[in-house]
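In case you want the letters, here they are:
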Amino acid sequence: METLPVFRFVVSFSYSGDARSSRYLSDAHLLGLKEVEGIACADLYFIRGHLLEAELEQMAARLFADPVVQQIEWQRIDNLLTEMKTPGVYQLEVAYHPGVTDPVAEQIVRAAHEMRIPGVLNAATGQRFTISGRKLKELDLHILARRLFANPVIQRYVVGSIEPVFAQPAEATAQVEEISVHTMTDEELLACSTDRRAALDLTEMQAIRAYFAAKGRGCSDVEFEMIAQTWSEHCVHKTFKALVDVNSASPSSHPIQVNSILNTYIRKATQEIAAPWVISAFTDNAGVIAFDDDFEVSFKVETHNHPSAIEPFGGANTGVGGVIRDVLGVSAKPIAATDILCFGPQTLAADDLPEGVLHPRRIFSGVVAGVQDYGNKIGIPTVNGAIWFDAGYTANPLVFCGCVGIAPRRRHQRSPAPGDRVVVLGGRTGRDGLRGATFSSMTMDAQTGEVAGASVQIGDPITEKGVIEVILRARDQGLYTAITDCGAGGLSSAVGEMASETGADVDLVNVPLKYPGLSPWEIWLSESQERMVIAVPPANLPALGELCSLFEIEMTDIGCFTETGRLVVRYDRRVVVDLENQFLHHGIPQRRLTAKIPSPASVFPPASRCPELSDIFLSLLAHPNIASKEAVIRIYDHEVQGGTSVKPLTGRGNGPSDACVIKPLGTGGNTGVVLSNGFNPEYGRYDPYRMALCVVDEAVRNAAAVGVDPDRLAILDNFCWGDPLQPENMGALLEAARGCYEAALANRTPFISGKDSFNNEYLSKDGKRQSIPPSLLISAIGIIPNVNQAITLDFKKPENPVFLLGDFQPSFGGSHFALLFGTPEGAPHEVPLPSTCAPALYRAYYNALGLHGVVRACHDLSEGGLAIAAAEMCLGGQFGLQLELPKGREALIQLFGETAGCLLVEVEAARVDEWLEKVAGFPIYPIGRVTLQPRLVVSCAGQQLISLSIQDIAAAWRTPLTQGQLES
Amino acid sequence: MKPKVLILHATGTNRDHDAALAVELAGGFPEIVHLNQLRRAERRWSDYQMLILPGGFSYADALGAGRLLALDLTIYFAEEALSFVNSGKPVLGICNGFQALVKSGILPDPDDLEPTQKLTLTHNASGNFECRWISLLPVSQSCVWTAGLQELIFCPVAHGEGRLMLKSPAVLDGLRDHDQVALVYVRPDGSLADDAYPDNPNGSTAGIAGICNRRGNVLGLMPHPENHVLPWQFPHKSIPPYGSGLVIFKNGVSFASQF
């Protein structure tokens, strides 16, 4: 390369304490680096080429700096002055590794040429961090750089001034390794699985050996990696399909042997309910139900737990991006996102942090920022979610990302024909996320963060937005015959799945790369984001090319579908994979597991103390699982696409909505979609069976509260569990699955999609396993016939009566009261059991909504019990409530015990008779009336027990999530 | 005949369909057009009577929100964009579109297009992206988009860089002197929000939510009136929505009909 001048521009804010710098400073403190006193960020731009001073000035003023709030300086890099060293002030600079795609640099060159400055040949970007701290050590700077400023997978850093590297063409290496798997001993097989982090057990490795021994050859590394990925827990769900021997002390409700949990419990419920409006369940990238005669809606919820534990921003970011592609994979337009997040205690002392684990506060802030970044930029409203804190999630946070899509009915194609081209659309391929599918199937330990660094992916929502634009148009023009997304396992998984009924022959040499040096197995397995694979009849390639060029999306033809029943992968014509579909997709031996059915817990923590009712009330309101999530909800765009009718926060006081209601743009009539969720691992800790019953009920009653048609409601399951090889874990799993089956049948809510994540465990250095509590998320999606009639939780009018509707059975097992104060003596101590009348009751309530204007507000009873539900309705409406508890049970039990199957309903005063007629025959208690005076007053038998102003209630409820106490 | 409305789609634009719906309900004929279609001359600026630059993250916000779209407007499409503005046809920049209009110099005044901006839109005072419903008071009577509007407008904001900051206090006097303060943030009761968070959600100087050019045909604003054009979009189910964002689009469409 000719030696050309290189110019370096430094852009910083002209005021101190800009948002980005402040955030880095607080993150540095979260890392435990309290000695850092200040961080100031600046952006670096490097330009290579012969340029005039006037051109440099023009670029500085019009391209790089905002003249009102920023300052800029530049100089030729070979004239760089060594800055005077100030004691206690350090400079650290970060830039991309050579060859990593730098989208901003590409834009700079394009923009400079647009500005008629053709002398700009190359550009590069970087960041400068000026760090101050008198007590800082050199080592601290490196910790900051590695953990905060630079992502080692794509970036490098120096203390001082960094040298820019400019883009070069990216070429792969053709290196393929041969593995003599056909002649290995059992020990060698196991060593091979471990060395390659394949997470395959001996039986599975033996099956691979047998296959290749019969062929009389070893396998290539590409073949081995592909089999490991295809057979991973993540892709094939071997635990849910395993043959499970059931071991129970007492007579159990399970058969002695369960052959596939999926077929015995989850799918079975869907088959037995046989709802005609279910369009696709468990067979495609997402579950699909009918919206109306013209449209269908799809829903998928995925987890991205392991990546989020290591790199919270990137993990959550790509979790959102991944589930959006799932919905795109059923040819639907993504219209809403949901996020349920679980973290460790935010107040955890640094000394109590397990080795190699990020602090829960850092995970929290990173994950939330990752969700925000992807959802907001791609323009999909984040409308429903939950945040749960528990010590069990310290080393293993959970990140559930959901996406809803809408599509015209009967437009989705899913059968590639032999001869159709295999076309990759979207982002370029790098090393991101390698072995993610197998990595997510492993237990974490202190080294995981270092070893699995390469598994962290980097998201690019704008590219994915372009992919959406292309796919939706290609769908409407009928350009493809099958589609799937590149998720875990990358091209290997996507092409492998699509070709599983036919066959395919592809060549990797043309796959566009982000940077040089990838070997064929890396290209094939890479989990680089923002890529879709579609099957395109050759005649349609020009039309597809036209669309891609309009939206500036890269498209690559890598081969064709065949009818050979074989998957052939080449690199520059040389065959590197040649496997039969039969072996690849059906050759995995069924797992055999043992389950030990747990007895429901009988011992509960006894009450340590029992403060005044008002104090209990305020402590519960401040509990992070109950306290306001507004600080998080507001940073998500929940309005984009203009369809959000019932928003996550409702009423003048921003009460927490039970469910979200969306009217998708472009659909006719008033029909809308309702989204809700149910989640309570605290119940799972004591009784996984009842937890499942309760969380299905919670998802259903949340949706019911806002006005879903209970006969048009479907559910999704997401199990996050510990190691399935532990019989106790499997026992808890079977119990939860049984609960899912029974609850789905009772509510007539079919499962349409599900996902599982195992090995959410941390292995500490002293060999102790720490597993998350059994965590089952139920997400619900249903239809509301008229969005104008949706009901929200905020109280609407003083003097209206309030009813408690449902079989009110307050109990304390797994309750939030018990978390803070223990189980009160003499109070029911088991996990709540939903009443058998609940499903019929939700239908009666739904019928009452047909009398427009009778029901004015509704909220369900959940964590914290009746008192919290009442408080949230007051908060939302900014009205008070005079609450009169029914006699017969202790006030403490009624106020703070938790129950399933109950709703608190505000009814229009003049229309109480109509209401009572509609819900006749169900348990119902007139329990209070709305008051203009903003006070919540609780009394029982004429005696006043609590009197708190809504202001005081709001103050407790608005306790920052980072400050609240989880347990006493 | 319904006026044809050009809704500009740059890579990363995401509220184009929302704006199209608002235009449709206001009686216009919207067409979402990708910049590349204009570059290839498959579409022509002059065929439209109104222009909307919708919200989103054009060019992924590379080099700052709206910066690169601003370059397209002032360099690649300098002639077309400026002649559109100078023809007096209505132009609306919402959120990212507003940022582009400001960074291109089209706002506050296309007549003194110079490399140094007088005002900018930068990071919210809170340091965070924020999505919430706010109340707006239409102020300018010379702005074709807000002239004659009496009632408050309720609609959401959803942005991280919407804080209007001025190069000097004199800029504010200039804006006021020329009736260029189009919309200000107010409390729900209609009193001025000034700096009070969250009614002024981003810390904008003088509570300014939107400004227009001197001629009054170009309006830029951070909030999203296109997300309150139907009654069920309004969050407070207890109060009937007595003001909505649709009036802005109706004003624009009715003004556009003359061209």
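Only a predicted model underlies this, so the values are computations on that prediction, with no experimental measurement involved. (Residues numbered from 1 in each chain as written. Chains lettered and ligands numbered in written order. Predicted model: local features only at pLDDT ≥ 70, side-chain atom pairs only at ≥ 80, totals over all residues. Heavy atoms only, no water.)

1. Notes on the overall build of chain B
Here's step 1: A count of helical and extended segments in chain B gives seven helices and eleven strands.
Here's step 2: Computed over its C-alpha atoms, the radius of gyration of chain B comes to 17 Å, within 12% of the 18 Å expected for a compact globule of 259 residues.
Here's step 3: Principal axes of the C-alpha set define a box for chain B whose edges measure 50 × 40 × 35 Å.
Here's step 4: In chain B, which comprises 259 residues, the share counted as buried stands at 64%.
Here's step 5: Long-range contacts, defined as pairs at least 24 residues apart, comprise 77% of the intrachain contacts of chain B with a sequence gap of at least 6.
Here's step 6: Each charge class in chain B can be summarised by its mean position, and for the 20 positive and 25 negative side chains these summaries are 3 Å apart. (Helix = DSSP H or I, 4+ residues; strand = E, 2+ residues; numbered from the N terminus. Rg over C-alpha atoms; globule rule 2.2 N^0.38 Å. Buried < 20%, exposed > 50% of the residue type's maximum accessible area, 1.4 Å probe, protein only. Contact = heavy atoms within 4.5 Å. Lys, Arg positive; Asp, Glu negative; His and termini not counted. Charge placed at Lys NZ, Arg CZ, Asp CG, Glu CD.)

2. Re the environment of Gln155(A)
Residue and element names in this part refer to chain A.
Here's step 1: Along the polypeptide, Gln155 turns up in strand S6 (residues 155-159).
Here's step 2: Look at Gln155 and you get buried, because its relative accessible area is 17%.
Here's step 3: In contact with Gln155, not counting residues within four places along its chain, are Val94, Ala95, Tyr96, His97, Phe149 and Ala150.

3. Observations concerning the packing of aromatic side chains
Residue and element names in this part refer to chain A.
Here's step 1: Applying the stated criterion across every chain, the model contains 29 aromatic pairs over all chains.
Here's step 2: Among the aromatic residues, ring-to-ring pairing joins Phe617, Phe812, Phe817, Phe821 and Phe896 into one connected group.
Here's step 3: Here Arg652 stacks its cationic end above the ring of Phe879, 5.4 Å away from the centre of that ring.
Here's step 4: Of note, Arg738 hangs over the ring of Tyr689, and the distance from its end group to the ring centre comes to 3.8 Å. (Phe/Tyr/Trp six-rings, centres within 6.5 Å; stacked < 30°, edge-to-face > 60°. Lys NZ or Arg CZ within 6 Å of the ring centre and 35° of its normal.)

4. A look at the interface of chain B and chain A
Here's step 1: Each partner contributes residues to the interface: chain B has 57 residues there, and chain A has 59 residues.
Here's step 2: When chain B packs against chain A, close to 4900 Å² is buried across both sides, 58% of that on carbon and sulfur atoms.
Here's step 3: At the boundary of chain B and chain A, one finds four salt bridges.
Here's step 4: Its salt-bridge partner being Glu546(A), residue Arg40(B) comes within 3.4 Å of it at the nearest N-O pair.
Here's step 5: For the side of chain B that touches chain A, the secondary-structure elements that each account for two or more residues are helix H1 (16-25), helix H2 (35-39), helix H3 (67-76), strand S5 (119-122), strand S6 (130-138), strand S7 (153-159) and strand S8 (163-166) of chain B.
Here's step 6: Considering every element that reaches the side of chain B that touches chain A, the biggest residue donor is H3(B), with seven residues. (Buried area = accessible area lost by both parts, 1.4 Å probe. Salt bridge = Lys/Arg side-chain N within 4 Å of Asp/Glu carboxyl O.)

5. Let's talk about H1(B)
Residues and elements named next belong to chain B.
Here's step 1: With seven of its ten residues buried, H1 lies for the most part within the structure.
Here's step 2: Among all positions in H1, only Asp16, Asp18, Ala19, Ala20, Leu21, Ala22 and Val23 are buried.
Here's step 3: Among the structural elements, strand S1 (4-9), strand S2 (29-34), strand S3 (50-53) and helix H7 (246-256) are those in contact with the buried residues of H1.
Here's step 4: Taken from the residues just after H1, Gly27 is the one with a positive phi, measuring 100°.

6. A closer look at empty space enclosed by the protein
Residues and elements named next belong to chain A.
Here's step 1: Enumeration over the complete set of coordinates arrives at eight cavities of 30 Å³ or more.
Here's step 2: Approximately 740 Å³ is the volume found for the largest cavity.
Here's step 3: Around the largest cavity, the lining is made up of 37 residues, and of these Gly385, Ala386, Lys629, Pro656 and Ser657 lie nearest the centre.
Here's step 4: Looking at the lining of the largest cavity, the elements that each hand over two or more residues are strand S14 (333-343), strand S15 (382-389), helix H21 (630-633), strand S30 (672-679), helix H23 (688-706), strand S37 (855-860) and helix H27 (865-877).
Here's step 5: Looking at which element gives the most residues to the lining of the largest cavity, the answer is S15, with seven residues.
Here's step 6: When the residues that make up the lining of the largest cavity are grouped by side-chain class, the tally is 18 nonpolar, twelve polar and seven charged.
Here's step 7: Taken together, Asn680, Tyr683, Cys694, Glu698, Arg701, Pro832, Leu861, Ser862, Glu863, Thr899 and Ala900 make up the full set of residues lining the second largest cavity.
Here's step 8: Broken down by element, the residue count for the lining of the second largest cavity peaks at three residues, all from H23.
Here's step 9: In the lining of the second largest cavity, the residues fall into five nonpolar, three polar and three charged. (1 Å grid on protein atoms, 1.4 Å probe; cavity = no way out; pocket = protein on both sides within 12 Å on 5 of 7 lines; lining within 4 Å. Points joined across faces, edges and corners; volume = space filled by probe spheres on them. Nonpolar A, V, L, I, M, F, W, Y, C, P; charged D, E, K, R; others polar.)

7. Examining the packing of H23(A) against helix H24 (residues 727-747) of chain A
Residues and elements named next belong to chain A.
Here's step 1: Where H23 meets H24, the closest approach of the two axes is 7 Å, and the angle between their N-to-C directions is 35°. Considering the relative orientation of H23 and H24, their crossing is right-handed. For the pair H23 and H24, the contacting residues are Pro688, Tyr689, Ala692, Leu693, Val696 and Val700 in the first and Ala732, Glu735, Ala736, Arg738, Gly739, Cys740, Glu742, Ala743, Ala744 and Asn747 in the second.
Here's step 2: Of the residues belonging to the contact of H23 with H24, the class tally is eleven nonpolar, two polar and three charged. (Axes fitted to C-alpha atoms, helices over the stretch in contact; angles between N-to-C directions. Left-handed = near helix turned anticlockwise from the far one by under 90°.)

8. Considering the nonpolar core
Here's step 1: By size, the foremost hydrophobic cluster in this structure holds 115 residues, and its most contacted members are Ile781(A), Tyr845(A) and Trp915(A).
Here's step 2: With 13 residues, H23(A) is the largest single contributor of residues to this core.
Here's step 3: Once residues within four sequence positions are removed from consideration, Trp915(A) is found in contact with Phe803(A), Leu805(A), Tyr845(A), Ala848(A), Val854(A), Val855(A), Val905(A), Val907(A) and Ile924(A).
Here's step 4: In this structure, Ala123(A), Leu6(B), Val33(B) and Met50(B) belong to the second largest nonpolar core, which totals 104 residues. (Core = buried A, V, L, I, M, F, W, Y, C linked by side-chain atoms within 4.5 Å.)

9. Examining the pairing of strand S39 (residues 903-907) of chain A
Residue and element names in this part refer to chain A.
Here's step 1: In terms of burial, S39 is a largely internal element, five of the five residues being buried.
Here's step 2: When strand S36 (residues 801-805) meets S39, the two strands line up antiparallel, connected through four bridges. Within S39, the position partnered with Phe803 by the bridge is Val905.
Here's step 3: As paired strands, S37 and S39 are joined by five bridges and run antiparallel to one another. Looking at the pairing, Ala857 lines up with Glu906 of S39. (Pairing = 2+ DSSP bridges.)

10. Considering the sheet that holds S6(B)
Residues and elements named next belong to chain B.
Here's step 1: Across the sheet, which stays open at both edges, the nine strands sit in the order S2-S1-S3-S4-S11-S10-S9-S6-S7 with mixed pairing between neighbours. Where the open sheet ends on each side, the last strands, each with one partner, are S2 and S7. Looking at each pair of strands side by side, their axes are set apart by 25° on average, direction ignored.
Here's step 2: Direction of pairing for S6 relative to S7: antiparallel, over a ladder of seven bridges. Residue pairing across strands places Glu130 opposite His159, the latter belonging to S7.
Here's step 3: Contacting S1, S2 and S3, H1 crosses the sheet at an angle of about 160° to S2.

11. Observations concerning the environment of Val371(A)
Residues and elements named next belong to chain A.
Here's step 1: You can see Val371 is positioned in helix H12 (residues 360-378).
Here's step 2: For Val371, a relative accessible area of 0% gives the class buried.
Here's step 3: It is 9.5 Å that separates the C-alpha atoms of Val371 and Ala337, two residues lying 34 residues apart in sequence.
Here's step 4: Residue contacts for Val371: discarding those within four places in its chain leaves Ala316, Val320, Asp339 and Tyr636.

12. What about the confidence of the model for chain A?
Here's step 1: Counting all residues, the mean pLDDT for chain A is 92, and 96% of those residues have values of 70 or more.
Here's step 2: Every residue in residues 449-454 of chain A is under pLDDT 50, and counting partners more than four places away or in other chains gives twelve contacts. (pLDDT = per-residue confidence, 0-100.)

13. Considering the packing of helix H1 (residues 19-30) of chain A against helix H4 (residues 138-149) of chain A
Residue and element names in this part refer to chain A.
Here's step 1: It is the contact of H1 with H4, at a shortest axis distance of 11 Å, that shows an interaxial angle of 115°. Taken as axis vectors, H1 and H4 run roughly perpendicular relative to one another. Between H1 and H4 the crossing geometry is right-handed. Residues Tyr24, Asp27 and Ala28 of H1 form the contact with H4, whose participating residues are Leu144, Leu148 and Phe149.
Here's step 2: Across the contact of H1 with H4, the residue classes tally to five nonpolar, no polar and one charged. (Parallel < 35°, antiparallel > 145°, perpendicular 65-115°, else oblique.)

14. A word on the sheet that holds strand S13 (residues 295-303) of chain A
All names here are of chain A.
Here's step 1: Pairing is mixed in the open sheet, where six strands are placed in the order S11-S12-S13-S16-S14-S15. Of all strands in the sheet, those with a lone pairing partner are strand S11 (278-280) and S15, marking the two edges. This sheet shows a mean twist of 20° between the axes of neighbouring strands, independent of strand direction.
Here's step 2: Examined bridge by bridge, S14 and strand S16 (residues 398-408) share nine bridges and lie antiparallel to one another. Paired with Lys333 across the two strands is Ile406, which belongs to S16.
Here's step 3: This element, helix H11 (residues 312-328), spans S13, S14 and S16 of the sheet and lies at about 30° to S16.
Here's step 4: Running at roughly 180° to S14, H12 makes contact with S14, S15 and S16 of the sheet.

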